[in-house]
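Given next are the chains, with one letter for each unit.
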Amino acid sequence: MSAERSFKKEIGRLRLGAGETFHGEGILAVTKALLQSGVAYVGGYQGAPVSHLIDVLVDADELMDELGIHVETCTNEASAAAMLGASLNYPLRGAVTWKSIVGTNVAADALSNLTSPGVMGGALIISGGDSGEGASVIQERTHAMAMKSTMWLLDPRPDLQKIVDTVEHAFALSEASNTPVIMELRIRACHIQGEFTAKDNVPPPVSTRNRLADPATFNYGRLAHPPVTFIQEKLKVDERLPAARKYILEHKLNEIMPGDLDDVGIVLQGGLYNGLIRRLQTLGLADAFGQSRVPLLVLNVTHPLVPDQIVEFAAGKRGILVLEEGNPEYIEHQINTFLRKADVQTRVYGKDLLPPAGEYTAEVIQDGLAAFLAAVPPRGFDTGGLDGLSPAARIREEAAEAIGKPLPPRPPTFCTGCPERPVFSALKILQEEVGKVHIAADIGCHAFGTFEPFSMGNSILGYGMSLASAAAVAPFQQRRSISIMGDGGFWHNGLVSGVISAQLNRGDSILVIMQNGYTSATGQQFIPNSPSGRDGEPTGADIEATLLTLGVPWLQKVRTYSVSEMVEALHEALTTDVKGLKVIVADGECQLARQRRLRTENAEKLKAGGRVEIPRFGVDDEICTGDHSCIRLSGCPSLSVKPSPDPLREDPVATVIQSCVGCGLCGEVAHAAALCPSFYKAERVRNPGSMERMVQQVRNGVIGMMQRGRAAR
């Protein structure tokens, strides 16, 4: 499934049986838990790090076949969500996965129609999500979608045994309340290392090895269609919600951790537990084993909340702190409502002491704890000296004092040698010639083009949506607009919402499709136009053939590293008399995938005694003018500056550092932009032939003679 990482070594752990100890990371524990729960089918769309769930199961195809589990790699989140329709009419347990709220947004239509009639078999959605700058998605909350569509939301405490137990309970909770369940996993929970006691894998009762003799009997009540939708909406509140709350209480899905400072308490999302307990240790309110002196209510189920449980926990306390990451504060509002209706006057603190939005980092949590303890000092605990204890703040102040100013920002950028960087170099050169052009950006690696030194992209409105986002802009521009889209985005959404829509409306704009063969930004998973698919065979899908079949009137394929050719193609697309959509397929293999492939190939060649040639680029110090246009036009991380060796020149010269992968972009940019010819290409040869060795010896001898002669003069 993934070209970036193989899970062949981890697959053996999925076969562990009852009583054996499983060691590994969080997402592998989730995968094992699915097999222990009798899951019948799993689907999903790529999105790191939860995509590893699908990656592992694809790599474990032999085990999946033994258990009779169907695994589907979906083209987008909507198709993954629609798979859960199998649990509408059949006692099949199913799980699907995608990345965070953006994936849930794409899947919203299918999810709404799934939750209305409810499910018969357990239906679990595993969503990877984070808040704040550590996330790569818009700052919305899956919580809102769960509340809107009536799905239960789990946020397990980051402990492998707890995560595994939560997965197993998720299916049972879904079946007990006939409701789909979403389990949120933060990136730290996905990668947390630990162990748990395994159980035997459970083959599903109905499987690919034990198929149904007949389909389900038609039942109009199982459809999300009027007039039964009105009855279904009533069932959500009258039957499913009480059933869910009953299950949560009976099976103690939420954890109450008592403490001796019982006149205060903390209610928190389960995913924040590890961060909170470490901060409590720092403040002297918890020991090294996680025993907190402050009572905790850990919400491994954040929706629905159980009113009686909240009231019982808060009763008798002078104040409670609600740790709820994200905005709005849904949990805090509900807790206030429950307490006031029960006439419990415990003071509720939350967003008044903590940031209203963003990630609750260690520093944020500690500052919030200090403010809470200052507002409601626990009896028997000295709160003096709590202000200013945040270690992160102290380190930041010391660092700023040491260097005399704040650290400069370090925006992310393309990988060294990335085949998409040259396209933006070409766009920059083009705009210097023809003027500014409206550029619609998109989600993917190419979104790095919005940062320096390119700063291109007027909008990002969804994966594969760049061309659609330019539809209402293009008619008002003197020059044709240019939309950037990856090949993953093309298959995900861009084909229908962008290309077909442009064809339908006779749009006269330009689309650049970055074709590198993978969904590179999420771990290089295979897509329809990858060289090979999950079974190692060609997929049979081709972007150019698809576009020509749809009647796109103007189409060119250009090697991305050929900057001058890309400039010419873009210029022609801007000026041609051909009306309608014009598409440039910018073709270049993902450099990370290429380097992995070359390392393997070169290692095999060296092992066999073969010749290996590794290209490197450099800058001639005597020719470089110190203008640095090469850096401004490419932004390559391997291009830097160093002091000029010429004592008569003060400006530093460009230099190529050791991270160079030999892609040749620097020379291509210099040629396309008519810059100085200071770049040169060198080739490092390993296992050279006898003739090459002899020529090198002659060269070394001549150079040595010249050096000795110069030294003598």
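These remarks concern the structure in this document. All values derive from a computational prediction rather than experimental measurement.

## A look at the environment of glutamate 25
Along the chain, the position of glutamate 25 falls in strand β1 (residues 21–25). Under the relative-accessibility criterion, glutamate 25 is labelled buried at 7%. The sequence separation of glutamate 25 and valine 39 amounts to 14 residues, and the corresponding C-alpha distance is 20 Å. A polar contact of 3.0 Å, which involves the side chain of glutamate 25, links it to the side chain of histidine 191.

## Overview of the sheet that holds strand β6 (residues 152–154)
In space, the seven strands of this open sheet follow the order β3-β2-β4-β5-β7-β6-β12, with mixed pairing throughout. Bordering the open sheet on either side are β3 (70–73) and β12 (301–303), each of which pairs with just one other strand. Strand-to-strand, the axes of this sheet are offset by a mean angle of 20°, without reference to chain direction. Relative to β12, β6 is paired through two bridges, and the arrangement is antiparallel. Bridging across to β12, leucine 154 finds its partner in valine 301. The strands that helix α9 (residues 142–149) touches are β5 (123–128), β6, β7 (181–185) and β12; relative to β12, the one it contacts most, it runs at about 60°.

## As for the packing of aromatic side chains
Within this structure, the stated rule accounts for eight aromatic pairs. Between phenylalanine 414 and phenylalanine 424 the ring centres are 5.6 Å apart and the planes differ by 35°, which places this aromatic pair in the tilted class. A residue pair is termed long-range when its members are at least 10 positions apart, and phenylalanine 414 in the loop between α17 (391–403) and α18 (421–434) and phenylalanine 424 in helix α18 qualify at ten residues. Neither residue differs from the other here; phenylalanine 414 and phenylalanine 424 are each classed as buried. An aromatic cluster of at least three residues, connected via ring pairs, comprises Phe414, Phe424, Phe448 and Phe454.

## Quick word on the pairing of β7
By the criterion of burial, β7 is predominantly enclosed, with five of the five residues buried. Burial along β7 is two-sided: Val181, Met183 and Leu185 and Ile182 and Glu184, pointing in opposite directions, are all buried. When β5 meets β7, the two strands line up parallel, connected through five bridges. Within the sheet, the bridge partner assigned to serine 127 lies in β7 and is glutamate 184. Pairing of β6 with β7 involves three bridges; the strand directions are parallel. Bridge pairing in β7 places leucine 154 opposite methionine 183. For the segment spanning β6, helix α10 (residues 160–177) and β7, crossover handedness is right-handed.

## Concerning helix α26 (residues 690–712)
Taking 1.5 Å of rise per residue, the 23 residues of α26 would be expected to cover 33 Å, and the 33 Å separating its terminal C-alpha atoms lies within 8% of that figure. Counting buried positions over the 23 residues of α26 gives one, only a small fraction of the element.

## Quick look at the layout of surface pockets
Of the voids in this model, the second largest pocket is the one considered here, and its volume is about 310 Å³. Arg188, Gly271, Asn274, Gly275 and Tyr360 are, among the 19 residues lining the second largest pocket, the residues nearest its centre. Residue assignment for the lining of the second largest pocket shows that the elements contributing at least two residues are α11 (187–191), α13 (273–282) and α16 (362–375). Examining the composition of the lining of the second largest pocket, we find that four residues originate from one element, α13, more than from any other. In terms of residue class, the lining of the second largest pocket is built from seven nonpolar, five polar and seven charged.

What counts as what
- Per-chain numbering applies: the sequence of each chain, read as written, is numbered from 1 onward.
- At least 70 in pLDDT is required for a residue's local features to be given in this predicted model, at least 80 for side-chain atom pairs to be given and counted, and no such filter applies to totals for whole chains, interfaces and linings, which use all residues.
- Computation of side-chain values: all heavy atoms of the structure, hydrogens and water removed.
- By definition, any uninterrupted DSSP run of H or I lasting at least four residues is a helix, any uninterrupted run of E lasting at least two residues is a strand, and each is numbered from the N terminus.
- A simple rule labels every residue: compare its accessible area, found with a 1.4 Å probe on the protein chains alone, to the largest value its type can have, and call it buried under 20%, exposed over 50%, or partly exposed in between.
- Counted as a polar contact is a pair of N or O atoms within 3.5 Å, where, for protein atoms, one must be capable of donating a hydrogen and the other of accepting one, and residues adjacent in sequence contribute only when both atoms are in side chains.
- In short, DSSP must find at least two bridges between two strands for them to pair.
- Orientation is described by lines fitted to C-alpha atoms, with helices fitted over the stretch in contact, and by angles between N-to-C directions that extend from 0 to 180 degrees.
- For this analysis, residues touch if any pair of their heavy atoms sits within 4.5 Å.
- Between the rings of Phe, Tyr and Trp (Trp by its six-membered ring), a pair exists once the centres lie within 6.5 Å; its type follows the angle of the planes, with under 30 degrees stacked, over 60 edge-to-face, and the other angles tilted.
- The handedness of a crossover follows from its direction of travel: if, with the strands pointing away from the viewer, the path from the first strand over the helix to the second runs clockwise, the crossover is right-handed.
- In a helix, the anticipated span is given by 1.5 Å times the number of residues less one.
- Within this scheme a cavity is a closed region of a 1 Å grid, computed over the protein atoms alone, that accommodates a 1.4 Å probe without allowing it to escape, whereas a pocket is open but has protein on both sides within 12 Å along at least five of seven lines; lining residues each have an atom within 4 Å of a point.
- Grid points are joined across faces, edges and corners, and a volume is the space filled by probe spheres set on the points.
- Charged residues are taken to be Asp, Glu, Lys and Arg, nonpolar residues to be Ala, Val, Leu, Ile, Met, Phe, Trp, Tyr, Cys and Pro, and polar residues to be all remaining types, Gly included.

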